[in-house]
Amino acid sequence: YAGSALGDWLIGGGSGAITGTESQHDQRVSLAITVLTGVLGSYFFYSRGHSSALAARVSAAERDASEARLKLLETQLEPHMLFNTLANLRVLIATDPPRAVAMLDRLNNYLRATLSASRALAHPLADEFERLGDYLALMSVRMGERLRFRLELPPELAGQQVPPLILQPLVENSIRHGLEPKVEGGEVVVRAQREGPVLRIEVIDTGVGIDDAQLRAMAADEAGASFGLSHVRERLATVYGTRGQLEFGAQPGGGTRAIVHIPLQ
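Let us look at the structure shown here.

Definitions and cut-offs
- Residues numbered from 1 in each chain as written.
- Predicted model: local features only at pLDDT ≥ 70, side-chain atom pairs only at ≥ 80, totals over all residues.
- Heavy atoms only, no water.
- Helix = DSSP H or I, 4+ residues; strand = E, 2+ residues; numbered from the N terminus.
- Buried < 20%, exposed > 50% of the residue type's maximum accessible area, 1.4 Å probe, protein only.
- Contact = heavy atoms within 4.5 Å.
- Areas by Shrake-Rupley, 256 points an atom, 1.4 Å probe, with all protein chains shown as cover.
- Pairing = 2+ DSSP bridges.
- Core = buried A, V, L, I, M, F, W, Y, C linked by side-chain atoms within 4.5 Å.
- Axes fitted to C-alpha atoms, helices over the stretch in contact; angles between N-to-C directions.
- Patch = residues over 30% accessible without salt bridge, like charges linked within 9 Å, V, L, I, M, F, W, Y side chains within 5 Å.
- Salt bridge = Lys/Arg side-chain N within 4 Å of Asp/Glu carboxyl O.
- Phe/Tyr/Trp six-rings, centres within 6.5 Å; stacked < 30°, edge-to-face > 60°.

1. Re the overall build of the chain
Across its full length, the chain holds seven helices and seven strands. Start at the N end of the chain and walk to the C end: the helices and strands fall as α-α-α-β-α-β-β-α-β-β-α-α-β-β. Taken across its 265 residues, the chain has 35% of its residues classed as buried. Counting contacts in the chain only where the partners sit at least 6 residues apart, residues at least 24 apart contribute 71% of the total. Roughly 14,700 Å² of accessible area belongs to the chain as shown, and the carbon and sulfur atoms make up 58% of that amount.

Okay, here's the thing in structure tokens:
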């Protein structure tokens, strides 16, 4: 209204008054345009805000569902590892009681450091390697000189966040299916390196290896083929989608190689 009055005043030679049917019609048109523009603008921003709020709620629900799924997978994985360790301990009790006591002490320390800790959705890669070191030391009591291992973690990757227990099933798989069936045992190597925007972690063993039929069963995730591999794949898909991948195959010189690809944060 102020703008229209000012325009009429300038055009009308300074009368300052709004007169005439045409001027009143212009005022009504201006008012209608103003109201319509205000309604449309308000509706646009309201709809955008409402859509953003809905998207935020959906994202929060999906995040909560992913976190719950990760918790479920972890709670399934820890007893699996514990039962396998207790089975090894049972063998030692019957064959070598002193080593069984040493293994029990190691197991007690390992459980105190892992199961009593808060269940975070992610932790530094250095903590994951420390857990692997404890677990391999525990298995060394069981296997003695038949088990050798190396953990290679560059300092610049130590703080990279990864899901807890993402590597242990692969190491356990190497020991149980690769080294234990081999009379002279062998070596497990866990190596982390950076490949552009991707964190590449290798778990390599010099065990008995794997044949084509076993590879096909693991690739198809057949029931009983590999509890550890299927869980690692599922957790990678839950956390990283298609960006997290697991490769598994035979080593050219014998043994197996598992490679985890995780996007660097």
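Now that the structure has been shown, the text picks up again.
2. Focus on the pairing of strand E7 (residues 256-263)
By the criterion of burial, E7 is predominantly enclosed, with seven of the eight residues buried. Note that strand E5 (residues 198-205) and E7 share eight bridges and pair antiparallel. Each residue of the ladder has a partner; that of glutamate 202, found in E7, is isoleucine 259. Alignment of strand E6 (residues 245-250) against E7, held across six bridges, turns out to be antiparallel. When the bridges of E7 are listed, phenylalanine 248 appears paired with alanine 258. Taken together, E6 and the strand that follows it, E7, pair antiparallel across an intervening segment of five residues, in which glycine 254 is found at a positive phi of about 110°.

3. Here's the deal with the nonpolar core
Within soluble globular proteins, side chains that are nonpolar tend to cluster in buried spots. Leu125, Leu167, Leu170, Val171, Ile175 and Val190 are the most contacted members of the largest nonpolar core, which has 41 residues in total. With nine residues, helix H4 (residues 125-143) is the largest single contributor of residues to this core. Setting aside chain neighbours within four positions, we find leucine 170 in contact with Val203, Leu229, Val232, Leu246, Ala258 and Val260.

4. Notes on the sheet that holds E7
Taking strand neighbours across the sheet as the criterion, the five strands line up as E2-E4-E5-E7-E6 in an open arrangement whose pairing is mixed. The open sheet terminates on both sides in strands that have one partner only, identified here as strand E2 (147-152) and E6. Here the average twist between neighbouring strands, direction ignored, is 10°. Against the sheet, H4 contacts E2, strand E4 (186-195) and E5, and its axis sits at roughly 170° relative to E2. Contacting E2, E4, E5, E6 and E7, helix H5 (residues 168-179) crosses the sheet at an angle of about 150° to E4.

5. Overview of unusual backbone geometry
Phi is positive for leucine 165, close to 60°, though the residue is something other than glycine. Assignment of secondary structure puts leucine 165 in the loop between strand E3 (161-162) and H5. Residue leucine 165 is classed as buried on the basis of its relative accessible area, which comes to 6%.

6. Some thoughts on a nonpolar patch on the surface
Together, Leu6, Trp9, Leu10 and Ile11 give the surface a local cluster of nonpolar side chains, amounting to about 470 Å² of exposed area. Tracing the backbone shows leucine 6 in helix H1 (residues 2-11).

7. Describing the pattern of salt bridges
With the rule as written, the count across this model stands at nine salt bridges. For glutamate 184, the salt bridge identified is with lysine 182, shortest N-O distance 4.0 Å. A residue is classified by how much of its surface remains accessible, and glutamate 184, at 51% relative accessible area, is exposed. The salt bridge partner of arginine 191 is glutamate 202, with a shortest N-O separation of 2.8 Å. With arginine 191 in strand E4 and glutamate 202 in strand E5, this pair connects stretches of sequence that are eleven residues apart. Taken together, the shared-partner salt bridges in this structure form one network comprising Arg150, Glu152, Glu187, Arg191, Glu195, Arg200, Glu202 and Arg257.

8. With respect to the packing of aromatic side chains
Tallied over the entire structure, the rule returns one aromatic pair. With 5.1 Å between their ring centres and 75° between their planes, phenylalanine 44 and phenylalanine 45 make a pair best called edge-to-face. Looking at phenylalanine 45, the relative accessible area reads 52%, which means it is exposed.

9. Some remarks on the pairing of E4
Across six bridges, the pairing between E2 and E4 is parallel. Looking at the pairing, glutamate 152 lines up with arginine 191 of E4. What sits between the antiparallel neighbours E4 and E5 is a turn of two residues, in which glycine 196 has the positive phi angle 65°.

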